[in-house]
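Results of the structural survey
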Amino acid sequence: MHSLNDLRESFHLYAECERCQRSVQLSIEKLIQRLGEDCPITTVRERLRCSNCNIRSQDVRIVFVGPPGKRVVFQYRR
Ligand SMILES: [Zn+2]
């Protein structure tokens, strides 16, 4: 199970609402300040609430972006 600390360097977190399709990038640093760096992602997911629908239907999408200085750049060649 991933904790926030596992994700802080190389990942971005997005909260997504199934109902209204809203997608918001979460600040991992702010989550750590609030919940602690050992907080598992499942706990983050349980606490999320869509500010649009005001229901707890959000899912968490975890996106790998690479470590600082070595960000993953997607390149498309034709
Ligand atoms: Zn929503």
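Refer to the structure presented above.
So, here is what we can say about the structure in this document.

Rules used in this analysis
Residues numbered from 1 in each chain as written. Predicted model: local features only at pLDDT ≥ 70, side-chain atom pairs only at ≥ 80, totals over all residues. Heavy atoms only, no water. Donors = N, O, S within 2.8 Å, 3.2 Å for Na, K, Ca; no water. Helix = DSSP H or I, 4+ residues; strand = E, 2+ residues; numbered from the N terminus. Buried < 20%, exposed > 50% of the residue type's maximum accessible area, 1.4 Å probe, protein only. Pairing = 2+ DSSP bridges. Axes fitted to C-alpha atoms, helices over the stretch in contact; angles between N-to-C directions. Contact = heavy atoms within 4.5 Å. Core = buried A, V, L, I, M, F, W, Y, C linked by side-chain atoms within 4.5 Å.

**Topic: the coordination of the zinc ion**
Under ideal tetrahedral coordination, the four donors around a metal are separated by 109.5 degrees; under ideal octahedral coordination, the six donors are separated by 90 or 180 degrees. Within the protein, the atoms that donate to the zinc ion are Cys17 (SG), Cys20 (SG), Cys50 (SG) and Cys53 (SG), at distances of 2.3 to 2.4 Å. Read in sequence order, the donor residues coordinating the zinc ion give the pattern C-x2-C-x29-C-x2-C. Of the two residues, Cys17 is situated in strand 1 (residues 11-17) and Cys50 in the loop between helix 3 (41-47) and strand 3 (58-64); the sequence distance between them amounts to 33 residues. For the pair Cys17 and Cys50, a shared accessibility class is recorded, and that class is buried.

**Quick word on the sheet that holds strand 1**
Overall, antiparallel pairing links the three strands, which are arranged 2-1-3 in an open sheet. The open sheet has two edge strands with one neighbour each: strand 2 (23-26) and strand 3. Averaged over all neighbouring strand pairs, the angle between strand axes comes to 30°, with direction disregarded. Across four bridges, the pairing between strand 1 and strand 2 is antiparallel. Within strand 2, the position partnered with Tyr14 by the bridge is Gln25.

**Some points on the side chain of Ser3**
Summarising the element assignment, Ser3 is placed in the segment before helix 1 (4-7). If we ignore the near neighbours within four places in the chain, the residues touching Ser3 are Glu37, Asp38, Cys39 and Pro40.

**Overview of the nonpolar core**
Within the largest apolar cluster, 13 residues are counted, with the highest numbers of intra-cluster contacts made by Leu4, Leu13, Leu26, Leu31, Ile41, Val44 and Leu48. Elements represented by at least two residues in this core include exactly helix 1, strand 1, helix 2 (28-35) and helix 3. Ranked by residue count, the leading element in this core is helix 2, at three residues. If we skip the residues at most four places from it in the chain, Leu4 touches Leu13, Ile28, Leu31, Ile32, Leu35, Gly36, Glu37, Cys39, Ile41 and Val44.

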